[in-house]
Amino acid sequence: MKPGVTTTVIIIAVCGACTFLERALPFIIFRGREIPKVIKYLGKVLPMAIMATLIAYCLRGADFKVPVNWMPQIIAALVTAGLHIWKKNAMLSIFLGTACCMVLSHLV
């Protein structure tokens, strides 16, 4: 059964509110105070941990017995990493890495 328009609007509104609060809450909590060292440390470490987790998640189902099955994912991961090291722009590297993976997956 498909959700109605009202249900869809409510879901989008709740998701939007949660996303907004996620972004705004740290600024509200730490307004006028110094950010604790543990939060600064997590801000440095978590992005790389998340990227490593995403790489493991993306490559977990790769069948390494036949190169055709794993080469698109490895090439796309290398493209993503190379772009990120070169341009230091997460949005660009993720977008183009995903596009590279999709193109290679459909061509091979």
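Residues numbered from 1 in each chain as written. Predicted model: local features only at pLDDT ≥ 70, side-chain atom pairs only at ≥ 80, totals over all residues. Heavy atoms only, no water.

Caption draft 1: The packing of helix H3 (residues 67-87) against helix H4 (residues 90-107), seen in detail. Their axes nearest at 8 Å, the elements H3 and H4 cross at an angle of 160°. Between H3 and H4, the crossing angle belongs to the class labelled roughly antiparallel. When the axes of H3 and H4 are compared, the crossing they make is right-handed. Across from Pro 72, Gln 73, Ile 75, Ala 76, Val 79, Thr 80, Leu 83, His 84 and Lys 87 in H3, the residues of H4 making contact are Ala 90, Leu 92, Ser 93, Ile 94, Leu 96, Gly 97, Cys 100, Cys 101, Leu 104 and Ser 105. Of the residues that constitute the contact of H3 with H4, the class distribution is twelve nonpolar, six polar and one charged. (Axes fitted to C-alpha atoms, helices over the stretch in contact; angles between N-to-C directions. Helix = DSSP H or I, 4+ residues; strand = E, 2+ residues; numbered from the N terminus. Parallel < 35°, antiparallel > 145°, perpendicular 65-115°, else oblique. Left-handed = near helix turned anticlockwise from the far one by under 90°. Contact = heavy atoms within 4.5 Å. Nonpolar A, V, L, I, M, F, W, Y, C, P; charged D, E, K, R; others polar.)

Caption draft 2: Broad picture of a nonpolar patch on the surface. A contiguous nonpolar patch, built from Ile 35, Val 38, Ile 39, Tyr 41, Leu 42, Val 45, Leu 46, Ile 50, Met 51, Leu 54 and Ile 94 and spanning about 920 Å² of accessible area, is present on the exposed surface. Top contributing element to the nonpolar patch by residue count: helix H2 (residues 37-59), with nine residues. With respect to the helices, strands and loops of the structure, Tyr 41 is situated in helix H2. Since its relative accessible area comes to 52%, Tyr 41 is described here as exposed. (Patch = residues over 30% accessible without salt bridge, like charges linked within 9 Å, V, L, I, M, F, W, Y side chains within 5 Å. Areas by Shrake-Rupley, 256 points an atom, 1.4 Å probe, with all protein chains shown as cover. Salt bridge = Lys/Arg side-chain N within 4 Å of Asp/Glu carboxyl O. Buried < 20%, exposed > 50% of the residue type's maximum accessible area, 1.4 Å probe, protein only.)

Caption draft 3: Main features of the confidence of the model for the protein chain. Per-residue confidence for the protein chain gives a mean pLDDT of 88, with 100% of residues at or over 70. Averaged over each element, pLDDT in the protein chain is lowest for H2 (86) and highest for helix H1 (residues 5-29) (94). (pLDDT = per-residue confidence, 0-100.)

Caption draft 4: The arrangement of the packing of aromatic side chains in detail. Overall, the coordinates contain one aromatic pair when judged by the stated rule. Ring centres 5.8 Å apart and planes at 35° place the aromatic pair Phe 64 and Trp 70 in the tilted group. Over the ring of Tyr 57 we find Arg 60, and its NZ or CZ is 4.2 Å from the ring centre. Sitting over the face of the ring of Trp 86, Lys 87 holds its NZ or CZ atom 4.4 Å from the ring centroid. (Phe/Tyr/Trp six-rings, centres within 6.5 Å; stacked < 30°, edge-to-face > 60°. Lys NZ or Arg CZ within 6 Å of the ring centre and 35° of its normal.)

Caption draft 5: Representation of unusual backbone geometry in the model. Phi at Lys 88 is positive, roughly 55°, even though this residue is not glycine. Summarising the element assignment, Lys 88 is placed in the loop between H3 and H4.

Caption draft 6: Local environment of the pattern of salt bridges. Following the criterion strictly, the structure yields one salt bridge and no others. Notably, a salt bridge pairs Lys 40 with Glu 34, separated by 3.9 Å at the nearest N-O pair.

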